[in-house]
Structures are given as structure tokens and as C-alpha cells.
Amino acid sequence: MTTINERVEAGRRRRRVLVRVTRAVWRLDQAERERGWALVSARAEGVSIRALAKAAGLSPSRVHQIVAAADPDALDSTLGELRAAGWPAPEDPDSDEDAELNGRDSIAERICDEVEWLRRCVDWLAQLDAGGYPPAVNLRPDADWPDTAHVTVTLARVRAVLDRVAADLDELARARRVADLNTAAVLPDRHAERRRRLAEPDLDFRDFCTAQRLPASSTRQLERAWDAWQAERYRRGETGQRASCINNPFRPC
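Let me begin by describing the structure that accompanies this report. Not measured: the values here are computed from a predicted model.

### Overview of the side chain of Arg-195
Turning to its location among the elements, Arg-195 is positioned in helix H7 (residues 190-197). Its relative accessible area of 4% is what places Arg-195 among the buried residues. If we ignore the near neighbours within four places in the chain, the residues touching Arg-195 are Leu-139, Glu-200, Asp-202, Arg-236, Gly-237 and Glu-238.

Below you can see the structure in the form of C-alpha cells.
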């Protein structure tokens, strides 16, 4: 027999699942709108249909159909709707998507950056609460594409990011100039700053071996573990050198 509590919980779960479906449908609709705007604007700048088709993963005939049927005025209006909804619509191809990693000129701009991080945390929590696949985040700046280092967002990461945001906002609220910042100061290395924003510590060799269950009881095993650690550091953007280009202290001379 199903108890009342089980029925109530089943009803709540069903509502969460339906909300997840509704949210996914909305995001798909917004993504298709942004794709149409991007294709039309790129075509207006002289990009060929064939090049657009390759970049979009569509057939040339489908791209031609989208571009021909698009209303530029309606697409511009759509961009306003996307911005109002918080959708990251890249309107300026000359702009830097990682501008915040380069530092800001004013305290107000830094605070706006932290507000965006709070919104990301809200989105992560909503996705984690809805169940299903957990969200993922890239440890590397967008400018590194196609090189990526995606990791799963857990509650522990959300808590760490919120702690980092709180510490930065605490200092930003008391500072008069960006140059006066200490804890919240932007790191000179954009890769390191990206990891700092995500509350991701540098990869420790011993922690890496433990997490990957790599044996390190002999010199040969240490040599392989060191190479694997350096390869992972390269993937995460912590170093610009591949493992083969870095001296391995455990490798015999």
C-alpha cells in the first residue's frame, strides 16, 4: 500500500520533472533564436553559406532557409528579450567574453560580475534540485576553446563559490578603488583567475594520486603518476607545457 507521504513525495517529484522539461523547452527555444540571429548577422558580414553551415553543424540548404526566412528587426527585438531574461547573447564579435578575467576599471563593475556569479549558483542549485544530470562548468577561459576542462558542479563546489563571492563582496563593499583590492584582486594569469572564480584550488600531486588511485610505491610508478599529474594540469590550464616538455624528477637520467 502506498502511504500518503509517498504519494505527496511522488507528486512533488513529478512537478519537479515537469518544471525541468519546461525549462529545457524554453532554453531550446532561446538557443534557436540566438542561432538564427547569429547566422543572419554573420551572413550580413559576408560569411559564406558553406562556412556557416560547417560552423553550425547544419546543411547549407538549412542555413539558407533560416537566413532567408529571418526578419532582422524581429531578431533585434529577440536579442532584447534574451538580455532581459538573462540569456548570454554574444552581440559583439569583437568583445571579450572573458572580460572579467582581465579585471575591471571600477568597483561597481566588479560587483556586477559577482552578481552574475550568484545567478549562476542559483541556476546550478535549481538544476541539482531538479535531479537528472548535474551541471558542468569549464575550468578554462572561453578564449581557450577548443581546449576545455569541464568538471561536474556539486553542492560542495556551489558552497565554495558562494564563500568566494561573499569574501570578494565583503572587500568590494569596503574598497574605494580596484587598485585597493587584496583578497578580491584579479590575478594576473587569466587561467588562474578563472579557477579562483570557480573556487578551484591548484591540483596537488598527492591529492591527484589519491583521487585517481594511482600507485606510488616505486620510482617507476611515481614517474608515471607525475606525467599523469602534469597532463591533467595542462588540461586544466594550470601550465602551458605538456608533460613531455617538463622535467620529471622521478625519471631516470
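More follows now that the structure is in view.
### Overview of the packing of aromatic side chains
Across all of its chains, the model carries five aromatic pairs by this definition. When the ring of Trp-226 is compared with that of Phe-250, the centres are 5.8 Å apart and the planes differ by 65°; the resulting orientation is edge-to-face. With a gap of 24 residues between them, Trp-226 in helix H9 (residues 219-236) and Phe-250 in the segment after H9 connect regions that are remote in the sequence. Since its relative accessible area comes to 24%, Phe-250 is described here as partly exposed. Grouping aromatic residues by their ring pairs yields a cluster made of Phe-205, Trp-226, Trp-229 and Phe-250. Sitting over the face of the ring of Trp-117, Arg-120 holds its NZ or CZ atom 4.0 Å from the ring centroid. The aromatic ring of Trp-117 is capped on one face by Arg-164, whose charged end is 5.6 Å from the ring centroid.

### Section: the pattern of salt bridges
Within the structure shown, the criterion is met by 22 salt bridges. Among the salt bridges present, the one from Arg-110 reaches Asp-168, with a minimum N-O distance of 3.8 Å. Here the residue Arg-110 occupies a position in helix H5 (residues 107-130), and Asp-168 occupies one in helix H6 (residues 155-174), the gap between them amounting to 58 residues. Arg-110 gets classed as buried once you look at its relative accessible area, which sits at 0%. Here Arg-251 makes a salt bridge to Glu-223, at a shortest N to O gap of 3.0 Å. Taken as a pair, Arg-251 in the segment after H9 and Glu-223 in helix H9 lie far apart in primary sequence, 28 residues in all. Linked through salt bridges whose partners overlap, the residues forming this network are Arg-110, Glu-114, Arg-164, Asp-168, Glu-193, Arg-196 and Arg-197.

### Regarding the nonpolar core
One recurring pattern in soluble globular proteins: nonpolar side chains tend to sit buried together. Judged by nonpolar contacts, Trp-117, Cys-121, Trp-124, Val-137, Leu-139, Ala-149, Val-151, Val-153, Val-158, Val-161, Val-165 and Leu-198 together constitute the single largest core of twelve residues. Once residues lying within four places of it in the same chain are set aside, the contact partners of Leu-198 are Trp-117, Trp-124, Val-137, Asn-138, Leu-139, Arg-157 and Val-161.

### Some remarks on H5
For H5, spanning 24 residues, the distance from its first C-alpha to its last is 35 Å, which sits close to the expected 34 Å at 1.5 Å a residue. Restricting attention to buried positions, one finds in H5 the residues Ile-107, Arg-110, Asp-113, Glu-114, Trp-117, Cys-121, Trp-124 and Ala-130. Turning to H5, the residues buried within the fold contact helix H1 (4-44), strand S1 (136-138), H6 and H7. Positive backbone phi, at 85°, marks Gly-131, one or two positions downstream of H5.

Conventions adopted
- Residues numbered from 1 in each chain as written.
- Predicted model: local features only at pLDDT ≥ 70, side-chain atom pairs only at ≥ 80, totals over all residues.
- Heavy atoms only, no water.
- Helix = DSSP H or I, 4+ residues; strand = E, 2+ residues; numbered from the N terminus.
- Buried < 20%, exposed > 50% of the residue type's maximum accessible area, 1.4 Å probe, protein only.
- Contact = heavy atoms within 4.5 Å.
- Phe/Tyr/Trp six-rings, centres within 6.5 Å; stacked < 30°, edge-to-face > 60°.
- Lys NZ or Arg CZ within 6 Å of the ring centre and 35° of its normal.
- Salt bridge = Lys/Arg side-chain N within 4 Å of Asp/Glu carboxyl O.
- Core = buried A, V, L, I, M, F, W, Y, C linked by side-chain atoms within 4.5 Å.
- Expected span 1.5 Å × (residues − 1).

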